[in-house]
Amino acid sequence: MLELVLGGILFACCAYTGIGIRSYYRKRKEIYEQYAGYLDYLQEDIGFLKTPLVESTREYCRGKKGEFIKILSRYCTMLEEGKTGRAEFDELFASPYVEKRQRKEIASVFYGLGKVDADTQTENLRKARAAVETPLNFYKKKYETTGTLAFKLGVVLGIAAMILAA
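How each quantity is defined
Residues numbered from 1 in each chain as written. Predicted model: local features only at pLDDT ≥ 70, side-chain atom pairs only at ≥ 80, totals over all residues. Heavy atoms only, no water. Buried < 20%, exposed > 50% of the residue type's maximum accessible area, 1.4 Å probe, protein only. Helix = DSSP H or I, 4+ residues; strand = E, 2+ residues; numbered from the N terminus. Arc of directions from axis to C-beta. Patch = residues over 30% accessible without salt bridge, like charges linked within 9 Å, V, L, I, M, F, W, Y side chains within 5 Å. Areas by Shrake-Rupley, 256 points an atom, 1.4 Å probe, with all protein chains shown as cover. Salt bridge = Lys/Arg side-chain N within 4 Å of Asp/Glu carboxyl O. Phe/Tyr/Trp six-rings, centres within 6.5 Å; stacked < 30°, edge-to-face > 60°. Contact = heavy atoms within 4.5 Å.

**Some remarks on helix α2 (residues 53-61)**
Next, step 1: For α2, the set of buried residues is Leu53, Ser56, Thr57, Tyr60 and Cys61. Buried residues of α2, viewed axially, fall in a sector of 135°; they line one side.
Next, step 2: At the C-terminal side of α2, Gly63 shows a positive phi close to 80°.

Dropping the structure here:
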């Protein structure tokens, strides 16, 4: 009986580790997908409707969940409070799911929002959207390979540990 309980605990630990690794890669992929979607949304909204930035961002966030949506909510709060310094933007994107180099690129894009005319802004958004395509594709592949493999491996190792414990 004790072996069965021990095997169950080992299975749960291994499977949970696999689930955690898969979740990490899924969140990385989702951040870049939502970032790309936000850039596309802003291009249309700024280019055609000329909606104010905070209003446009709040509309994009409505009904969505995820790490990037949390960042956008904090971004809106920063804009409303008048915190538009470079340090605040760098701190805003301090997420374990975004690499340092890419944090600076994303922070630069957000730091420049609303500081130029609409045509220049849409051109800058177009360039930022093209730049995000490479990491987006990389993290999609990473999730499909490493993330799903880690989950499957965790389950298989859990089953093996459970069999060995019994």
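Now, onward.
**Digging into a nonpolar patch on the surface**
Next, step 1: Together, Met1, Leu4, Val5 and Ile9 make up an exposed nonpolar region whose accessible area comes to about 450 Å².
Next, step 2: Here Leu4 shows up in helix α1 (residues 2-49).

**Topic: the packing of aromatic side chains**
Next, step 1: Across all of its chains, the model carries 15 aromatic pairs by this definition.
Next, step 2: With a centroid separation of 4.9 Å and 50° between ring planes, the pair formed by Phe93 and Phe110 is classed as tilted. Placement of Phe93 in the loop between α4 (86-92) and α5 (100-112) and of Phe110 in helix α5 is noted, with a sequence separation of 17 residues between them. Of the two residues, Phe93 and Phe110, both sit in the buried class.
Next, step 3: Ring plane angle 70° and centroid distance 5.1 Å describe the contact between Phe138 and Tyr139, whose orientation is recorded as edge-to-face.
Next, step 4: The partly exposed category is assigned to Phe138, whose relative accessible area is 46%.
Next, step 5: The buried category is assigned to Tyr139, whose relative accessible area is 2%.
Next, step 6: Chaining the aromatic ring pairs together yields one cluster made of Tyr35, Tyr38, Tyr41, Tyr60, Phe68, Tyr75, Phe89, Phe93, Phe110 and Tyr111.

**Notes on the side chain of Ser56**
Next, step 1: Looking at the secondary structure, you find Ser56 in helix α2.
Next, step 2: Judged by its relative accessible area of 1%, Ser56 falls in the buried class.
Next, step 3: Ignoring any residue separated from it by four or fewer positions in sequence, one finds Ser56 in contact with Tyr41, Leu42, Asp45 and Thr51.

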